[in-house]
Amino acid sequence: MNERARPETVGATLESSAFFMPFSMNRHFKKAPRLVARAEGIHYYTPQGSKLIDGTSGLWCVNAGHCRKKIVEAVQKQVAALDFAPPFQLGHPLAFEFADKLASIAPQGLSKVFFTNSGSESVDTALKLALAYHRVRGEGQRTRLIGRERGYHGVNFGGTAVGGIVANRKIFGALVAGVDHLRHTHDPARNAFARGQPKHGAEFAEDLERLCALHDPSTIAAVIVEPVACSAGVLVPPLGYLERLREICSRHGILLIFDEVITAWGRLGKPFATHHFGVVPDLITTAKGITNATVPMGAVFMKEELYQAFMQGPEKAIEMPHGYTYSAHPLACAAGLATMQVYEEEGLLTRAAELWPYWEEQAHALKNLPNVIDIRNVGLIAAIELAPREGAVGARGLDAHLKAFERGAYIRVAADTIALAPPLIIERPQIDELFGIVREALKTLA
Ligand code: PXG
């Protein structure tokens, strides 16, 4: 065993480690590392054997819980049978089988699937598909892409450009030309402590009309939004908002992309958020739970007519000059097929709907704890927003994360907002336990 992985030495030598950790406070972390060595069900285990409830399904991705036997075995079997197959001008049966399986679960009409390896790649793929779709139809002047303030669409250039979290953008220069942003939908003055979709704010969708008036709608290729903006602190769409956005896009011939990297695969009690909200986009980006995070993978779903628009040229021509070495990787397809089987056998794509009322009650029961200024929930997601300390945005959130960890729960924080989204297999007593730990952490927080 690597010396660093031994329980007695773990953490002792990390300050000089070569690992530049992503989206992490490297120096702070390496001084007092929080490591996990094993996982099972809804729990992580530290190298020393302490048990932690996984309050955020890893990074919103381990929807069926950790180390599920069926998925593990499918991957083990696949790696020994076909480790890799080029996806360009060659195929392997699982890729076609998995795409068909996914299309059968996806919202009706979104019948074609493009494979990627992550949410970021799904987003950049969807943006390129949108631009190319307009171009092959003779509307190549539609080059503008519209995102939204506080949106998170991964970290590649396209996704960073349409994203709207300032800290993720500001040090990377001009990004991509021709991008604009809708205003965000957060309105705590009217909507604080809303349960599910907030009542006020459908009119924020009218901001798209403002951008249409500014740029002329004929220059806009696509609008991309998360149905629920999760990374920016769980912003649930106001009632009527997504409907309005859909109407405006349709009226102006603009493609609507839902980024469902987090919300797909059962998080809102239906397979996709699209099913839950009843508003159907033209493209959907997914990743994370598509393989229960066992093997990296993403997929972009598109309407049949988009796919068909690409199929009009000569048959001996590549219709979409885009794709990754690892698109439809055999291990990912095997993991994904086994994941869908687990989801179906255990009813996990709809289980959040059953847990929702209980989950909502437990979340909102934290209302009177110190520093809590808002609580938001949707499906099996909850956000507890804390007042920031003066001049130190995020400090209280970080302390909440650390205190919860000490008490046996791994939770994500976005600045001063705690975000909870446990595996969809969680039971009611475990929900109590998770909120119990958060409650204790909040009580002791300065
Ligand atoms: N779109 C959305 C909506 C996401 O939430 C991505 C794209 C990018 O996916 P990849 O696989 O490239 O990371 C995401 C990722 C958090 C958190 O705690 C959220 C994500 C990733 C890491 C942390 O909010 N979302």
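Here, the structure is the one placed above.
So, here's what we can say about the structure. For every chain, the first residue of its written sequence is number 1, and the numbers climb from 1 along that sequence. Residue-level local features of this predicted model are given only where pLDDT is at least 70; pairs of side-chain atoms are given and counted only at 80 or more, and the full residue set underlies all totals for whole chains, interfaces and linings. Excluding hydrogens and water, the side-chain figures rest on all heavy atoms present in the structure.

1. Some details on the overall build of the protein
Consideration 1: Secondary structure assignment for the protein yields 16 helices and 15 strands.
Consideration 2: By the compact-globule yardstick of 22 Å for 446 residues, the protein fits well, its C-alpha radius of gyration being 22 Å.
Consideration 3: When the backbone C-alpha atoms are referred to their principal axes, the protein occupies close to 65 × 55 × 45 Å.
Consideration 4: For the protein, long-range pairs separated by at least 24 residues make up 72% of all intrachain contacts whose partners lie at least 6 apart in sequence.
Consideration 5: On the protein, roughly 19,500 Å² of surface is accessible, and the fraction owed to carbon and sulfur atoms is 55%. Under the scheme used here, helices are H or I runs from DSSP no shorter than 4 residues and strands are E runs no shorter than 2 residues, and both carry numbers assigned from the N terminus. Based on C-alpha atoms, the radius of gyration is set beside the globule rule, defined as 2.2 Å times the residue count to the power 0.38. We call two residues in contact whenever any of their non-hydrogen atoms come within 4.5 Å of each other. Here, Shrake-Rupley sampling with a 1.4 Å probe gives the accessible areas, and only protein chains in the shown set may cover a residue.

2. Observations regarding the sheet that holds strand S15 (residues 417-420)
Consideration 1: A pair of strands counts as paired when DSSP detects no fewer than two bridges linking them. Read across the open sheet, the four strands follow the order S11-S12-S15-S14; overall the sheet is antiparallel. Taken across any chain shown, the strands that pair with only one partner, and hence form the sheet edges, are strand S11 (372-378) and strand S14 (412-414). Mean inter-strand twist for the sheet, computed between neighbouring axes without regard to direction, equals 20 degrees.
Consideration 2: Relative to strand S12 (residues 381-386), S11 runs antiparallel, the two sharing six bridges. Of the residues in S12, the one forming a bridge with Val372 is Leu386.
Consideration 3: To obtain an axis, a line is fitted to C-alpha atoms, over the contacting stretch when the element is a helix, and the angle between two such axes runs from 0 to 180 degrees between their N-to-C directions. On top of the sheet, helix H15 (residues 395-407) reaches S12, S14 and S15; it is set at about 180 degrees to S14, its chief contact.
Consideration 4: Against the sheet, helix H16 (residues 428-443) contacts S11, S12 and S15, and its axis sits at roughly 170 degrees relative to S15.

3. Quick notes on the packing of aromatic side chains
Consideration 1: Paired rings are identified among Phe, Tyr and Trp, the last through its six-membered ring, by centres lying within 6.5 Å, and are further divided according to the angle between planes into stacked (under 30 degrees), edge-to-face (over 60) and tilted (the rest). Applying the stated rule across the entire model yields eight aromatic pairs.
Consideration 2: One aromatic cluster is present, built from ring pairs that chain together Trp265, Phe272 and Phe301.
Consideration 3: Seen from the ring of Phe193, Lys367 lies directly overhead, with NZ or CZ sitting 4.6 Å from the centre.
Consideration 4: Working rule: Lys NZ or Arg CZ, within 6 Å of ring centre, within 35 degrees of ring normal, means a charge sits over the ring. Positioned above the aromatic ring of Tyr358 is the side chain of Arg428, whose terminal nitrogen or guanidinium carbon lies 5.7 Å from the ring centre.

4. Examining the packing of helix H9 (residues 207-215) against helix H10 (residues 241-252)
Axes are the key here: two packed helices are described by the angle between their axes and the distance separating the axes.
Consideration 1: Axis separation between H9 and H10 bottoms out at 9 Å; the angle between their running directions is 25 degrees. Put simply, H9 runs roughly parallel to H10. Across the interface between the two elements, Leu208, Glu209 and Cys212 from H9 touch Arg244, Leu245, Ile248, Cys249, Arg251 and His252 from H10.
Consideration 2: Residue classes follow a fixed rule: Ala, Val, Leu, Ile, Met, Phe, Trp, Tyr, Cys and Pro count as nonpolar, while Asp, Glu, Lys and Arg count as charged, and any other residue, Gly among them, counts as polar. Split into classes, the residues belonging to the contact of H9 with H10 amount to five nonpolar, one polar and three charged. Every angle not falling under 35 degrees, over 145, or within 65 to 115 is termed oblique; those three ranges are roughly parallel, roughly antiparallel and roughly perpendicular.

5. Considering the layout of surface pockets
Consideration 1: Cavities and pockets were defined on a 1 Å grid built from protein atoms only: a cavity is a group of points that admits a 1.4 Å probe but offers it no way out, a pocket is an open group of points flanked by protein on both sides within 12 Å along at least five of seven lines, and a lining residue is one with an atom within 4 Å of any such point. Grid points are joined across faces, edges and corners, and a volume is the space filled by probe spheres set on the points. Considered as a void within the structure, the second largest pocket measures approximately 1,100 Å³ in volume.
Consideration 2: Forming the walls of the second largest pocket are 32 residues, and the residues nearest its centre are Pro87, Phe96, Val113, Phe114 and Tyr307.
Consideration 3: Sort the elements by how many residues they give to the lining of the second largest pocket and helix H4 (residues 93-105) lands first, with five residues.
Consideration 4: A class-by-class count of the residues in the lining of the second largest pocket yields 22 nonpolar, seven polar and three charged.

6. With respect to the sheet that holds strand S3 (residues 51-54)
Consideration 1: The sheet built from four strands is open, its strands ordered S1-S2-S3-S13 with mixed pairing. Both outer strands of the open sheet, strand S1 (38-40) and strand S13 (409-410), are each paired with one neighbouring strand and no more.
Consideration 2: With three bridges joining them, strand S2 (residues 43-45) and S3 adopt antiparallel strand pairing. Within S3, the residue paired with Tyr45 across the bridge is Lys51.
Consideration 3: Across the sheet, H16 is in contact with S2, S3 and S13; its angle to S3 comes to roughly 100 degrees.

7. Looking at the pattern of salt bridges
Consideration 1: One speaks of a salt bridge when a side-chain nitrogen belonging to Lys or Arg is within 4 Å of a carboxyl oxygen belonging to Asp or Glu. Summed over all chains, the structure comprises 24 salt bridges.
Consideration 2: Where Arg195 meets Glu361, a salt bridge forms, and the shortest distance between an N and an O atom there is 2.9 Å. With a gap of 166 residues between them, Arg195 in the loop between helix H8 (188-191) and H9 and Glu361 in helix H14 (residues 348-364) connect regions that are remote in the sequence.
Consideration 3: Residue burial is assigned from relative accessible area. The probe radius is 1.4 Å, only protein chains are included, and a residue is buried under 20% of its type maximum, exposed over 50%, and partly exposed in between. Arg195 sits in the partly exposed class, given a relative accessible area of 39%.
Consideration 4: Look at Glu361 and you get partly exposed, because its relative accessible area is 44%.
Consideration 5: For Arg351, the salt bridge identified is with Glu427, shortest N-O distance 3.4 Å. Taken as a pair, Arg351 in helix H14 and Glu427 in the loop between S15 and H16 lie far apart in primary sequence, 76 residues in all.
Consideration 6: Note on Glu427: relative accessible area 43%, which makes it partly exposed.
Consideration 7: Sharing partners across several salt bridges, the network here consists of Arg137, Glu139 and Arg142.

8. Some remarks on the environment of Arg210
Consideration 1: Within the secondary structure, Arg210 is located in helix H9.
Consideration 2: Arg210 gets classed as partly exposed once you look at its relative accessible area, which sits at 46%.
Consideration 3: Taking the C-alpha atoms as reference points, Arg210 and Phe301, separated by 91 residues in sequence, lie 28 Å from one another.

9. A word on the pairing of strand S8 (residues 255-259)
Consideration 1: The element S8 is extensively covered by neighbouring structure, given that five of its five residues are classed as buried.
Consideration 2: Side chains of S8 alternate between two faces, with Leu255, Ile257 and Asp259 and Leu256 and Phe258 buried alike.
Consideration 3: The pairing of strand S7 (residues 220-225) with S8 spans four bridges and is parallel. Opposite Ile224, over in S8, you have Ile257 as the bridge partner.
Consideration 4: Seen with its strands pointing away from the viewer, a crossover is right-handed if its path from the first strand over the helix to the second goes clockwise. Where the polypeptide runs from S7 across H10 and back to S8, its parallel neighbour, the crossover connection is right-handed.
Consideration 5: By the bridge criterion, three bridges tie S8 to strand S9 (residues 283-286) in an arrangement that is parallel. For Ile257, the partnering residue across the bridge sits in S9 and is Leu283.

Read these as layout, nothing more, since geometry by itself doesn't imply function.
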